[in-house]
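Each chain, written out:
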Amino acid sequence: MATESRDRPARVLFRPAADAPRPIDSAVVDQAVAWLVKIQSGGASAADSAACDIWRQAHPDHERAWLRLCGLGRDLREGTQGVAPQIARSALRGADRQQRRWALKSIAGLGVGAWGAWALRHDIAALGADHRTGVGERRAVVLSDGTRLVLNTRSAVDVRFDASARTLRLLGGEIMVTTGKDPARRPFIVLGRDGRMVPVGTRFVVRAFDEAASELTVLEGEVDLSAGEQSQVTRVPAGSRVRFGPASVGALNRADERAAAWTDGTLVVERMRLADFLGELGRYRGGVLRCDPEVGGLLVSGAFPLADTDAVLAMLEETLPVRLRSMSRYWVTVAAR
């Protein structure tokens, strides 16, 4: 599909003062971005934090780059829509902004929108979770009753089993559950952000990645879903999926056969808009992955390995009329060629 290119005038985000300090080398900027993403990924260890501190103290430019990156959130939220990465990179090197903020608040403002905001809240909520995954990580867990649980990227759950019920609370992200048979016949309950699910000997996927709604896909058996303002109960049979939110439950639709492909490390899509595809792919990599609106409507089909998102992006560049504009591995825009 051909894309129409438009000439856009250059736009200046920042006008540094005459006495602004000298620019920061691009290699240092890339290192600062890499450290910021690592520390705020949800999987950083105490040793990682200590190593980051050592890097920041090793040279004055390291600390300057770190502080400027952490201070870009508000300015980029207000001004980087449709702005070329080269301009934003120039702003990072030259802007005299040194406010300290939560690093993920900054990243949320660097073009990732609702996903960035969700990521920040998820990172906070997931800190004390019983089971959680970081960016690009998937994890399989067998619970004490034999229930098999698979967590997708950046997901978190709490588990509480007592004499009356087996309860799983999804704090965020996406999980696949294959319920085990309980000798005590206790009900299995999944509490999500937007509703309550009670499966009947089943295998199902629950997804709560975005702000708008959650989604339930039943692969085997049935699930009773309670959601909406009236907490109405909707029985969702095998082969069905439904979106639901705090106010309502949507109509039942046919399940996507590819709904659980991520458990095998593959993202399988058919005629998905490029903008939506990059939104999905971005969940599995650190940093910022943006899509130029000019190419957002291109359609993508295929099976893509989640373990190597860089290779997936390179494949898109080879097969579609797009090019990658990279400030670093952690800040990539897919634009018209």
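Residues numbered from 1 in each chain as written. Predicted model: local features only at pLDDT ≥ 70, side-chain atom pairs only at ≥ 80, totals over all residues. Heavy atoms only, no water.

What follows is about the nonpolar core. Note on soluble globular proteins: their nonpolar side chains tend to be buried together. Among the nonpolar cores identified, the biggest contains 26 residues, and Leu274, Phe277, Leu278, Val300, Leu313 and Leu316 are the most heavily contacted of them. Take this core: its biggest share by element is four residues, from helix 8 (residues 274-282). Excluding anything up to four places from it in sequence, Val300 contacts Val269, Glu270, Arg271, Met272, Leu274, Phe277, Leu316 and Leu320. Judged by nonpolar contacts, the second largest core, of 24 residues, contains Leu151, Val157, Met197 and Val223. (Core = buried A, V, L, I, M, F, W, Y, C linked by side-chain atoms within 4.5 Å. Buried < 20%, exposed > 50% of the residue type's maximum accessible area, 1.4 Å probe, protein only. Helix = DSSP H or I, 4+ residues; strand = E, 2+ residues; numbered from the N terminus. Contact = heavy atoms within 4.5 Å.)

This next bit is on the layout of surface pockets. For the second largest pocket, the calculated volume is near 660 Å³. Lining the second largest pocket are 25 residues, with Arg207, Glu215, Asp256, Met272 and Glu280 positioned closest to its centre. Secondary structure elements with two or more residues in the lining of the second largest pocket: strand 7 (195-208), strand 8 (214-227), strand 10 (240-244), strand 12 (266-273) and helix 8. Per element, the largest residue contribution to the lining of the second largest pocket is six residues, and it comes from strand 12. Class assignment of the residues belonging to the lining of the second largest pocket gives a composition of nine nonpolar, four polar and 12 charged. (1 Å grid on protein atoms, 1.4 Å probe; cavity = no way out; pocket = protein on both sides within 12 Å on 5 of 7 lines; lining within 4 Å. Points joined across faces, edges and corners; volume = space filled by probe spheres on them. Nonpolar A, V, L, I, M, F, W, Y, C, P; charged D, E, K, R; others polar.)

Here the focus is the sheet that holds strand 13 (residues 288-291). Across the sheet, which stays open at both edges, the three strands sit in the order 13-16-15 with mixed pairing between neighbours. Of all strands in the sheet, those bounded by a partner on one side alone are strand 13 and strand 15 (322-328). Recorded for the sheet is a direction-independent mean angle of 20° between the axes of neighbouring strands. By the bridge criterion, six bridges tie strand 15 to strand 16 (residues 331-336) in an arrangement that is antiparallel. Its bridge partner lying in strand 16, Arg323 is registered against Ala335. Those strands touched by helix 9 (residues 309-319) are strand 13, strand 15 and strand 16, and its axis lies near 145° from that of strand 15. (Pairing = 2+ DSSP bridges. Axes fitted to C-alpha atoms, helices over the stretch in contact; angles between N-to-C directions.)

Before going further, it helps to spend a moment on the pairing of strand 16. Counting buried residues along strand 16, six of its six residues qualify, which places the element largely inside the surrounding structure. Of the strand pairs in this sheet, strand 13 and strand 16 are connected by four bridges, and their pairing is parallel. Bridged to Cys291 within strand 16 is Val334. Taking the residues that link successive antiparallel strands as the turn, the strand 15-strand 16 hairpin has two residues.

Of note, Thr133 is situated in the loop between strand 1 (131-132) and strand 2 (139-142). On the accessibility criterion, Thr133 (5% relative accessible area) is buried. At 3.1 Å, the side chain of Thr133 and the backbone nitrogen of Arg154 are in polar contact. (Polar contact = N/O pair within 3.5 Å; in protein donor to acceptor, adjacent residues only side chain to side chain.)

Looking now at unusual backbone geometry. Located in the positive-phi region is Arg154, a residue other than glycine, with phi close to 45°. With respect to the helices, strands and loops of the structure, Arg154 is situated in the loop between strand 3 (148-151) and strand 4 (156-161). Judged by relative accessible area, Arg154 falls into the buried class, the value being 7%. Despite not being glycine, Arg185 has its phi angle at roughly 60°, a positive value. Structurally, Arg185 can be placed in the loop between strand 5 (166-178) and strand 6 (188-191). Looking at Arg185, the relative accessible area reads 75%, which means it is exposed.

Next up on the list: the pattern of salt bridges. Any two side chains of opposite charge can pair, on the condition that their charged atoms come close. Taken as a whole and assessed by the stated rule, the structure comprises 18 salt bridges. Asp310 is paired through a salt bridge with Arg285; the nearest N and O atoms lie 3.0 Å apart. Taken as a pair, Asp310 in helix 9 and Arg285 in the loop between helix 8 and strand 13 lie far apart in primary sequence, 25 residues in all. For Asp310, a relative accessible area of 32% corresponds to the partly exposed category. What you see here is one network of salt bridges that share partners, running through Asp145, Arg166, Asp182 and Arg186. (Salt bridge = Lys/Arg side-chain N within 4 Å of Asp/Glu carboxyl O.)

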